[in-house]
Amino acid sequence: MSHTVDLKELERKAWKSVHQDGCAMPAGLFAANIMVVFGMLAHFLDYPRLYVYGVLYAAAFPSWVLLIEFANVRLPVVSVPSAAVMVVIGCKGLTQFMRLHPIPTAEVAVDGNQ
């Protein structure tokens, strides 16, 4: 008496019920929440780069949901470019920091005495 469950059918029913009930934009609410949180952090910490991170992070999830719903694409094709942009920005910041604050060589004394 084995009972098989078709996961694709369950997923289709779950998405269909969400869209028929009129609450089709939890992903949009998530994006708005992320924009508010990152915007407040960027403003209060005086760190403008967080606005860019907020936009990239907030745009990835709703775009992914829309790709699943309308194009039936189940790969993270939106998250990967967003993450790549974040990594490039981080590498650029790390490179600038390393140029401004180079690692001291062994010849330089730590306390300033010879």
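Refer to the structure printed above.
Below you will find a few notes about this structure.

What counts as what
- Residues numbered from 1 in each chain as written.
- Predicted model: local features only at pLDDT ≥ 70, side-chain atom pairs only at ≥ 80, totals over all residues.
- Heavy atoms only, no water.
- Axes fitted to C-alpha atoms, helices over the stretch in contact; angles between N-to-C directions.
- Helix = DSSP H or I, 4+ residues; strand = E, 2+ residues; numbered from the N terminus.
- Parallel < 35°, antiparallel > 145°, perpendicular 65-115°, else oblique.
- Left-handed = near helix turned anticlockwise from the far one by under 90°.
- Contact = heavy atoms within 4.5 Å.
- Expected span 1.5 Å × (residues − 1).
- Buried < 20%, exposed > 50% of the residue type's maximum accessible area, 1.4 Å probe, protein only.
- Arc of directions from axis to C-beta.

### Details of the packing of helix α3 (residues 49–71) against helix α4 (residues 79–100)
Running from N to C, α3 and α4 point in directions that differ by 165 degrees, and their axes come no closer than 9 Å. Considering the angle they form, α3 stands roughly antiparallel to α4. As α3 packs across α4, the resulting crossing turns out to be left-handed. Of α4, the residues touching α3 (which contributes R49, V52, Y53, L56, Y57 and A60) are S79, S82, V85, M86, I89 and G90.

### Quick notes on the side chain of S82
For S82, the position within the fold is in helix α4. Leave out the neighbours within four places in its chain, and S82 touches L56 and A60.

### Here's the deal with the environment of Y53
Within the secondary structure, Y53 sits in helix α3. In sequence terms Y53 and S82 are 29 residues apart; their C-alpha atoms lie 8.7 Å from each other. Other than its neighbours up to four places away in sequence, Y53 contacts F38, M86, I89 and G90.

### Points about helix α2 (residues 26–45)
Since there are 3.6 residues in each turn of an α-helix, residues three or four apart along the chain are aligned in direction. Compared with the 28 Å implied by 1.5 Å per residue over 20 residues, the 28 Å span of α2 between its first and last C-alpha is a close match. Of the residues making up α2, those classed as buried are A27, A31, I34, F38, G39 and A42. Seen from one end, α2 has its buried residues packed into an arc of 125 degrees, which puts them on one side. Every exposed residue of α2 that faces more than 90 degrees away from the buried side is listed here: L29, H43 and F44. Those residues of α2 that are buried lie in contact with α3. D46 sits one or two positions beyond α2 and adopts a positive phi of about 55 degrees.

Worth remembering: the numbers are spatial, not functional.
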